[in-house]
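Structural overview for review
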Amino acid sequence: MSIKNTNQDYAQMNIKASEHPKAYAPHILILNIVMSVLGAIIGLELIVRTGVTPNTSIVGALFAIIISRIPITILKKYQSIHCQNLIQTSISGATFSAANCLLLPIGIPVIMGRTELMFPMLIGAFLATVIDATILYKTFDSEMFPAEGAWPPGVASAQSILAVVEKGKKAVLLLVGMAIGVGGKMIGIPTDLLGVSWFGDFAAMAALGVGSIVIGVIKTNGFIINIFNTSFPIITNIFGEGADLMSQTMFKYMPHGIMIGAGLVSLIQCARMLFKKSDSSDSAADHFTSSMANMKKALGGGYVAYLVVAILLAVITGIWSDMGIIQLIIWIIFAAFAAIASELIVGISAMYSGWFPGFATALIFLIVGMLIGFPAMPLGILVAFTSATGPAFSDMAYDLKCGYILRGNGADPELEKEGRKQQYYSELIGFAVAFILVAIMANKYFSQGLFAPVDATFAATIEAGAGGDVAKWLIIWAIPGAIIQLLGGSRQVGILFATGLLVGSTINGLTILIALLIRFVLVRRNKENEHTLNILGAGSLAGAALYSFFTATLALGKKE
């Protein structure tokens, strides 16, 4: 891929590995820090006031594009799409790490009445976040996490950057898609999911859609569509007048049980992939920039690193004194397993759908920990530790997917490896800025009663406890979850179906299925329509992300 260049070598899309911008170059480093500060503040504000964190990578890229158009010589350096990629990587890493990986976990012991554990937990969460991103860096573009995977938000960021460079029909389609994204969000349609459905894995998205509708029907006792800030009941009282299935243990823990079953099968599938013998003539290294050997080494090293952090957390938080030696050993082994299993499950979901059920997955491991019989505070530290893994893994994968597209989809392996390394450095800069800001600002939020809403859910779950009835239904529901995942094969249908059950709704599921029907009809009519839908879908996702970002940002300062 190439373009006519009139602005020096900085604007070239095809460069050599040695020409790739460096994350520590002064002009990039300064803007990376500035954007990371902005991203971290946005992430912190939104996680405590709305409970969600927007994808700011597109905002970072657009900011770099805008300043590169200012007619000052030094600012022309930002015209490089690779420079813009490093900047969007930093702001995105800072946003998600500050909110999801740092403030959320450290709020759990605080809300449980142990304020003195805030900083020890912050250290553990930060180390977990760095390990999380490092494992992704080492395993991206491997057989388990291929660069050719969907990674939808990364595609949207890349298409936004390329549209500015290439202009023409592609830019028009992207703008049309963004208009769809913004317009849909304004009236209550999840056009981010609509966009993903036009270029994500078809079977995986169908499973996500079905799961979302199933849980929507169960929760509302009907088929009810919420749009224009109004509920439109299509069918009501499906299970009888006034029925509340979610108040029953059987249905309350159905999504968790199905995810446990699907997750266990998925982990077995991952293990089979890791330990299968590679044919020397057809090695994964011939198809991916990260070989099977590297992937095994990264995951094995990652587990050992999580074990070390788990031991550190047990010591510096003092929870070792709450358990006997055998229970402490089990806690350390389980905490490390939960951390790495969580990031794999969350990463797989993110790769196929652009959604990562980080909170829900952490809750599942919390429930399992409760069934094992860990005391209250070790459970709090366990779920905090698990919550810190997964979000950074998924977010960085989106950024690497963006860079992969901008660097020519792996056409130059050396350029791809160099660019990926510089993105990793940019991500670490974002993490460092986020760590400093959270250390400074956490007490200010907590003293005002401002926590990530899910912290209260975790604390309440620990306080309520889990009895034998919960275990029974988790096991029962794990069986269909395992079967669905097994039948879906490598498409991770079980994981995505469970994700829909955990975080979906009727309107989400309906939007996905309608979008998939449109995709099926148009592509069957003309294969070339697939490319058009890819760009429209990326634009819709980008537009929805921008709308969510700006509407949420305008609401900052208003306590919910």
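Note that the coordinates shown come from a computational prediction; the quantities given were computed from them, not determined experimentally.

1. Some words on the overall build of the chain
Summing up its helical and strand segments, the chain has 21 helices and two strands in all. The C-alpha atoms of the chain give 23 Å as radius of gyration, which agrees with the globular expectation for 560 residues (24 Å, within 12%). With the principal axes as the frame, the chain shows a C-alpha extent of 70 × 60 × 55 Å. A buried classification covers 58% of the 560 residues belonging to the chain.

2. Here we look at helix H20 (residues 506–525)
Spanning 20 residues, H20 covers 29 Å between terminal C-alpha atoms, matching the ideal 28 Å at 1.5 Å per step. Within the sequence span of H20, burial applies to Thr 506, Ile 507, Asn 508, Gly 509, Thr 511, Ile 512, Ala 515, Leu 516, Arg 519 and Val 523.

3. Some remarks on the state of the cysteines
Applying the stated criterion to the full structure yields zero disulfides. Cysteine Cys 101 is unpaired, with the sulfur of Cys 402 as its nearest cysteine sulfur at 19 Å. Judged by its relative accessible area of 0%, Cys 101 falls in the buried class. Classification of Cys 402 as buried rests on a relative accessible area of 0%.

4. Some points on the packing of helix H4 (residues 118–139) against helix H16 (residues 413–447)
Running from N to C, H4 and H16 cross one another at 160°; their axes reach a closest spacing of 11 Å. With respect to H16, the axis of H4 lies roughly antiparallel. When you trace H4 past H16, the crossing you get is right-handed. Seen from H4, the contacting residues are Met 118, Phe 119, Leu 122, Phe 126, Thr 129, Val 130, Ala 133, Thr 134 and Tyr 137; seen from H16, they are Arg 420, Lys 421, Tyr 424, Leu 428, Phe 431, Ala 432, Phe 435, Val 438, Ala 439, Ala 442, Asn 443 and Phe 446. Of the residues in the contact of H4 with H16, the class split is 16 nonpolar, three polar and two charged.

5. Some words on the packing of helix H12 (residues 325–353) against helix H14 (residues 376–387)
Where H12 contacts H14, the two axes come as close as 9 Å, and the packing angle between them is 25°. Looking at the two axes, H12 sits roughly parallel to H14. The way H12 lies across H14 gives a crossing that is right-handed. For the pair formed by H12 and H14, the contact residues are Trp 331, Phe 334, Ala 335, Ala 336, Ala 338, Ala 339 and Ser 342 on the first element and Pro 378, Ile 381, Leu 382, Phe 385 and Thr 386 on the second. Of the residues assigned to the contact of H12 with H14, the class counts are 10 nonpolar, two polar and no charged.

6. With respect to a nonpolar patch on the surface
Taken together, the side chains of Ile 123, Leu 127, Ile 311, Leu 312, Val 315, Ile 316 and Trp 320 present a nonpolar region at the surface, about 590 Å² in accessible area. Following the sequence through the fold, Ile 316 ends up in helix H11 (residues 292–316). Taking the relative accessible area as the measure of exposure, Ile 316 reaches 33% and is therefore partly exposed.

7. Brief notes about the pattern of salt bridges
If charged atoms from side chains of opposite charge come close, those side chains can pair. The full count for this structure, using the stated rule, is nine salt bridges. Arg 114 is the salt-bridge partner of Glu 116, the closest N and O atoms lying 2.5 Å from each other. Ionic pairing is found between Glu 416 and Arg 420, a salt bridge with its closest N-O pair at 2.9 Å. Placement of both Glu 416 and Arg 420 in helix H16 is noted, with a separation of four residues, approximately one turn of the helix. One continuous salt-bridge network, built from bridges that share partners, spans Asp 141, Arg 407, Glu 416 and Arg 420.

8. Looking at H16
With 35 residues, H16 should cover 51 Å at 1.5 Å per step; its first-to-last C-alpha distance of 50 Å lies within 8% of that length. For H16, the principal kink sits at Met 441 and spans about 45°. Two or three places before Glu 414, at the opening of H16, Asp 412 has a side-chain oxygen 3.2 Å from that residue's backbone nitrogen.

9. Some points on the side chain of Ser 90
Within the fold, Ser 90 resides in helix H3 (residues 81–111). Here Ser 90 falls in the buried class, since its relative accessible area comes to 0%. Separated by 3.4 Å, the side chains of Ser 90 and Asn 32 make a polar contact. Among all residues touching Ser 90, those that are not within four sequence positions of it are Asn 32, Ser 36, Ser 426, Ile 429 and Gly 430.

Conventions used here
Residues numbered from 1 in each chain as written. Predicted model: local features only at pLDDT ≥ 70, side-chain atom pairs only at ≥ 80, totals over all residues. Heavy atoms only, no water. Helix = DSSP H or I, 4+ residues; strand = E, 2+ residues; numbered from the N terminus. Rg over C-alpha atoms; globule rule 2.2 N^0.38 Å. Buried < 20%, exposed > 50% of the residue type's maximum accessible area, 1.4 Å probe, protein only. Expected span 1.5 Å × (residues − 1). Disulfide = S-S within 2.5 Å. Axes fitted to C-alpha atoms, helices over the stretch in contact; angles between N-to-C directions. Parallel < 35°, antiparallel > 145°, perpendicular 65-115°, else oblique. Left-handed = near helix turned anticlockwise from the far one by under 90°. Contact = heavy atoms within 4.5 Å. Nonpolar A, V, L, I, M, F, W, Y, C, P; charged D, E, K, R; others polar. Patch = residues over 30% accessible without salt bridge, like charges linked within 9 Å, V, L, I, M, F, W, Y side chains within 5 Å. Areas by Shrake-Rupley, 256 points an atom, 1.4 Å probe, with all protein chains shown as cover. Salt bridge = Lys/Arg side-chain N within 4 Å of Asp/Glu carboxyl O. Bend = angle between axes of the 7 residues up to and from the residue. Polar contact = N/O pair within 3.5 Å; in protein donor to acceptor, adjacent residues only side chain to side chain.

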